[in-house]
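Analysis of the macromolecular model
Here's the letter readout for the chains.
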Amino acid sequence: MSFDRSIKIAPSILSADFANFGEEIRAIEAQGADWVHVDVMDGHFVPNLTFGPPAVKAFRPHVTTFMDVHLMIAPVDPYIEAYAEAGADMITAHWEAGPHPHRTLQAIKATGKMAGISLNPGTPAAVISELLDLVDMVLVMSVNPGFGGQKFIPTSVEKVRQVREMIGDREIMIQVDGGVDPNTVGPLVAAGADCFVAGSAVFKGGSVDNPAPYGENIRAIRAAAQGALKDVA
Ligand code: DX5
Ligand code: ZN
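All of the points below concern the structure found in this document. (Residues numbered from 1 in each chain as written. Chains lettered and ligands numbered in written order. Predicted model: local features only at pLDDT ≥ 70, side-chain atom pairs only at ≥ 80, totals over all residues. Heavy atoms only, no water.)

**Quick notes on the overall build of the protein chain**
The helix and strand inventory of the protein chain stands at eight helices and eight strands. Taken against the 2.2 N^0.38 rule, which gives 17 Å for 233 residues, the C-alpha radius of gyration of the protein chain at 16 Å falls within 12% of a compact globule. If you line up the protein chain on its principal axes, its C-alpha atoms span 45 × 45 × 35 Å. Put simply, the protein chain has 233 residues, and 52% of those count as buried. Across the protein chain, contacts joining residues at least 24 apart in sequence account for 65% of those joining residues at least 6 apart. Accessible surface, the protein chain as shown: approximately 9700 Å² in total, 53% of it carbon and sulfur. (Helix = DSSP H or I, 4+ residues; strand = E, 2+ residues; numbered from the N terminus. Rg over C-alpha atoms; globule rule 2.2 N^0.38 Å. Buried < 20%, exposed > 50% of the residue type's maximum accessible area, 1.4 Å probe, protein only. Contact = heavy atoms within 4.5 Å. Areas by Shrake-Rupley, 256 points an atom, 1.4 Å probe, with all protein chains shown as cover.)

Written out as structure tokens, the structure reads:
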């Protein structure tokens, strides 16, 4: 994938019907999702459990866009290859997952996949200054990771602005994850973010039998983001 500065909406399948992932993935893509965001949780780094590599591998054939795998696991290094082999396009690890985030990013790059580094709400932007040449994306968490449907933490906007300033001319995307909806997305775009994960704000009101609300929800987030982009341009 070449560098793409456009607004990207990445629905999190954490908010999908867990008995029906294939159809849910097809539905969100048909309704306009740019990426599919897969939240991997280990019950240790975060207080919730989700998908091992075999589950992610099972999702892969249903994804025709881009599979964005967010690893909320510690340790993370022993599992990178397995998630790469499962078919991730982007692998994002947390800065807080261990003492060697630089080594973690080298390991992701060695698989040939795109690499992301994620920051919890309590972690300052400055910690990634020595990692920027190794990443394709910085993920600013705007909730404490572990669950969908939490309230957006407003100080995330200032953190996005700081990350954007640190990035300078580098070709690095900024993703925001947690509580993103048509109301919160505008200030994030103005601060320099371009990729938005949304779980509850995309899946609310819809289902595989009634997928139109997914499309309406995605279009509402995109319209608010693009409106804010025009304002900064
Ligand atoms: C939180 C996950 C998110 C979550 C977002 O730990 O990383 O991707 O599913 O859900 P919403 O959009 O509902 O806050
Ligand atoms: Zn996520």
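**Here's the deal with the site of ligand 1**
Taken together, 20 residues surround ligand 1, and among them Asp-39, Gly-146, Asp-177, Gly-199 and Ser-200 come closest. At 2.4 Å from an oxygen atom of ligand 1 is found a side-chain nitrogen or oxygen belonging to Ser-200. When the free accessible area of ligand 1 is taken as 380 Å², the share hidden by the protein chains comes to 100%. For the shell around ligand 1, the secondary-structure elements that each account for two or more residues are strand S2 (36-41), strand S3 (67-72) and strand S8 (195-198). It is S2 that provides the largest number of residues to the shell around ligand 1, a total of three residues. For the shell around ligand 1, the class distribution of residues is eight nonpolar, 10 polar and two charged. (Near = heavy atom within 4 Å. Polar contact = N/O pair within 3.5 Å; in protein donor to acceptor, adjacent residues only side chain to side chain. Nonpolar A, V, L, I, M, F, W, Y, C, P; charged D, E, K, R; others polar.)

**Points about the sheet that holds S8**
With parallel pairing, eight strands are arranged side by side in an open sheet as S1-S8-S7-S6-S5-S4-S3-S2. Two strands close off the open sheet at either side, each with one partner strand: strand S1 (8-11) and S2. If you compare each strand with its neighbour and ignore which way they point, the axes differ by 25° on average. Bridge count for S2 against S3 is six bridges, and the pairing is parallel. For Asp-39, the partnering residue across the bridge sits in S3 and is His-70. Contacting strand S4 (90-94) and strand S5 (114-119), helix H4 (residues 101-110) runs over the sheet at an angle of about 150° to S5. (Pairing = 2+ DSSP bridges. Axes fitted to C-alpha atoms, helices over the stretch in contact; angles between N-to-C directions.)

**A look at the pattern of salt bridges**
A side chain of one charge can pair with a side chain of the opposite charge when the charged atoms of the two come close. Evaluation of the coordinates by the stated rule reveals seven salt bridges. Put simply, Asp-34 and Arg-222 hold a salt bridge, and the shortest N to O gap is 2.9 Å. Here Asp-34, found in the loop between helix H1 (21-30) and S2, pairs with Arg-222, found in helix H8 (residues 212-232); they are 188 residues apart in sequence, far enough to count as distant. On the basis of relative accessible area, Arg-222 is assigned to the buried category, the value being 18%. Between Asp-194 and Arg-164 there is a salt bridge, and its shortest N-O distance comes to 3.8 Å. Residue Asp-194 is found in the loop between helix H6 (185-191) and S8, and its partner Arg-164 is found in helix H5 (residues 156-167); the two are separated by 30 residues along the sequence. Accessibility expressed as a relative area gives 5% for Asp-194, which makes it buried. Here the salt bridges share partners, and the residues they tie into one network are Glu-158, Arg-161 and Glu-165. (Salt bridge = Lys/Arg side-chain N within 4 Å of Asp/Glu carboxyl O.)

**What to know about H5**
Side chains that are three or four residues apart share a direction in an α-helix, a result of its 3.6 residues per turn. The end-to-end C-alpha distance of H5, which contains 12 residues, comes to 16 Å, matching closely the 16 Å that a straight helix rising 1.5 Å per residue would cover. Along H5, the positions that sit buried rather than exposed are Ser-156, Lys-159, Val-160, Val-163, Arg-164 and Ile-167. Seen along its axis, H5 keeps its buried residues to an arc of 140°; they face one direction. Once H5 finishes, Gly-168 follows within two positions and takes phi at roughly 60°, a positive value. (Expected span 1.5 Å × (residues − 1). Arc of directions from axis to C-beta.)

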